[in-house]
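# Examination of the molecular architecture
Letter by letter, the chains look like this.
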Amino acid sequence: MKPDRITLREIRMPLVAPFETSFGVTRERRMVLIEIAGEGGSGWGEVTAGETPFYNEETTDTAWHILKDFAIPKLLEKPLSSAAAFAERVEPIRGHRMANGGLEAALWEWEARLSGRSLSSLIGGTLREISCGVSLGIQPSIEELLEKIQTGVAAGYQRVKIKIKPGWDLEVLEQVRERFPRLRLMADANSAYTLADRAHLKLLDRFYLMMLEQPLAHDDLLDHARLQQALETPVCLDESIRTVRHAEQAIEIGACRIVNIKLGRVGGFLRARQIHDCCQAAKIPVWCGGMLESGIGRAHNIALSTLPNFVLPGDVSASRRYWTTDVITPEVEVTPHGTIPVPPGPGFGYEADRERIEALTTRKEVLP
Ligand code: OSB
Ligand code: MG
């Protein structure tokens, strides 16, 4: 595989509603899109880094720098045998997995299109339809949260995740459970607590959550193992799992019972699949996390979610929950039973809306 042309662009898209987590509020996304063209076809990728270094250390701007000055030059150094070989090529780059992963995803999409196959089948996916949940940010009031949950349930979503932080946890969950006693419910803290909060977090057990996502430090495994021992509620790790080694070690010490896999956070499809396989072998269920992606990243998440151990509903939901108009056609829609049917392909099965992407572009660079 030898690309003729790689187009890097930054697009800006306002969210239909602000999204608040324990680390901040996002109103507008600035994402890097990558198009790789050559050999008579092209493929698209998206970098999932945020605008600020508060989820992890990467940002839209660090990703641009790493791609332009390191990852793309490495790709162009010599031909690549397949998309699966790229992760090894960028292994010398420390961290910056979202930047590398966006480029890697574009390579997979390109390869799938060149071979006339669906991206799902190329990565070894088997599911024809994926299960979807919603992730609801911290709201101005509990009443507004209850309304948003009601909307998600009415739309058919299979589970609801709410964001929590100190001061927006027990009281909120109490009221959610009172109103929705049978809802499949989970909570994501994005590292807002420490092990000193162990007794407080133990109080969450009475809400019989499906899981508690990333309660402790973004780079911790050991304290999560100590917490998991004290809790009935399964701990799920997000931020802490960046490599297959982290997954192996987390499983070995009992730091979690569930893993959230995000394509960007782990550096792309090959690494995501390795983590998936390691969890599957250990009977640890996984699900696909989201980073408020445009349609391009969302389409990649759909393909990833077809691997067989993605047995829990993911944070991959309909385009309209995020954007007035998405950058792919058709837009991602969810069935009344809370699923997304996987488009048969080729590639990720949606078409990039070039006109719309051009209109949203704030910077662009064509390499080499
Ligand atoms: O921790 O899963 C997270 C969004 C931005 C950063 C981190 C997270 C999230 C979400 C939203 O939960 C998932 C989505 O709907 O895309
Ligand atoms: Mg999370």
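Above this text you will find the structure in question.
Everything numeric here is computed off the predicted structure, so don't read it as measured data. (Residues numbered from 1 in each chain as written. Chains lettered and ligands numbered in written order. Predicted model: local features only at pLDDT ≥ 70, side-chain atom pairs only at ≥ 80, totals over all residues. Heavy atoms only, no water.)

### A word on the pairing of strand β3 (residues 41–46)
Judged by how many residues are buried, β3 sits mostly within the fold: 5 of 6 residues are covered. Where strand β2 (residues 24–38) folds back onto β3 in an antiparallel hairpin, the turn is made up of 2 residues, including E39, whose phi is positive at roughly 55°. (Buried < 20%, exposed > 50% of the residue type's maximum accessible area, 1.4 Å probe, protein only. Helix = DSSP H or I, 4+ residues; strand = E, 2+ residues; numbered from the N terminus. Pairing = 2+ DSSP bridges.)

### Observations regarding the environment of R363
Residue placement: R363 occurs in strand β15 (residues 361–367). Separated by 353 residues in the primary sequence, R363 and E10 place their C-alpha atoms 5.3 Å from one another. Discounting chain neighbours no more than four positions away, the residues touching R363 are L8, R9, E10, R30, D61 and W64. At 2.8 Å, the side chain of R363 forms a polar contact with the side chain of E10. Separated by 2.8 Å, the side chains of R363 and D61 make a polar contact. (Contact = heavy atoms within 4.5 Å. Polar contact = N/O pair within 3.5 Å; in protein donor to acceptor, adjacent residues only side chain to side chain.)

### Notes on the site of ligand 1
Residues in contact with ligand 1 amount to 16 residues; listed here are only the nearest, S135, N190, K262, L292 and Y322. Within the contact set of ligand 1, an oxygen atom lies 3.0 Å away from a side-chain nitrogen or oxygen of S135. N190 is positioned with one of its side-chain polar atoms (N or O) 2.7 Å from an oxygen atom of ligand 1. Expressed as a share of its isolated accessible area of 390 Å², the protein-covered part of ligand 1 is 97%. Spatially, ligand 1 is embedded in the largest pocket. A class-by-class count of the residues in the shell around ligand 1 yields 6 nonpolar, 3 polar and 7 charged. (Near = heavy atom within 4 Å. Areas by Shrake-Rupley, 256 points an atom, 1.4 Å probe, with all protein chains shown as cover. 1 Å grid on protein atoms, 1.4 Å probe; cavity = no way out; pocket = protein on both sides within 12 Å on 5 of 7 lines; lining within 4 Å. Sits in = over half its atoms within 2 Å of the grid points. Nonpolar A, V, L, I, M, F, W, Y, C, P; charged D, E, K, R; others polar.)

### A few points about the sheet that holds strand β8 (residues 212–213)
Pairing within the open sheet is parallel, and its 7 strands lie in the order β5-β6-β7-β8-β9-β10-β11. Looking at strand neighbours, the two that pair on one side only are β5 (134–136) and β11 (286–288), the edges of this open sheet. In terms of strand pairing, strand β6 (residues 160–163) meets strand β7 (residues 185–188) through 4 bridges, oriented parallel. Bridging from a neighbouring strand, K163 pairs with D188 of β7. Where helix α11 (residues 269–281) meets the sheet, it contacts β10 (258–261) and β11, and its direction lies at approximately 170° from that of β10. (Axes fitted to C-alpha atoms, helices over the stretch in contact; angles between N-to-C directions.)

### Remarks on the layout of surface pockets
Space inside the largest pocket adds up to approximately 440 Å³. F19, F23, T26, M291 and L292 are the residues nearest the centre of the largest pocket, which is lined by 26 residues in total. Elements with a minimum of two residues in the lining of the largest pocket: β1 (5–21), β2 and β6. Sort the elements by how many residues they give to the lining of the largest pocket and β2 lands first, with 6 residues. Per-class residue counts for the lining of the largest pocket are 8 nonpolar, 8 polar and 10 charged. Empty space within the second largest pocket amounts to approximately 360 Å³. Residue lining of the second largest pocket: 18 residues in total, with A17, S135, L136, K148 and R321 positioned closest to the centre. Elements represented by at least two residues in the lining of the second largest pocket include exactly β1, β5 and α5 (142–155). The dominant element in the lining of the second largest pocket, judged by the number of residues it contributes, is β1, at 5 residues. (Points joined across faces, edges and corners; volume = space filled by probe spheres on them.)

So, to be careful, I would describe these as geometric facts and stop short of saying anything about function.
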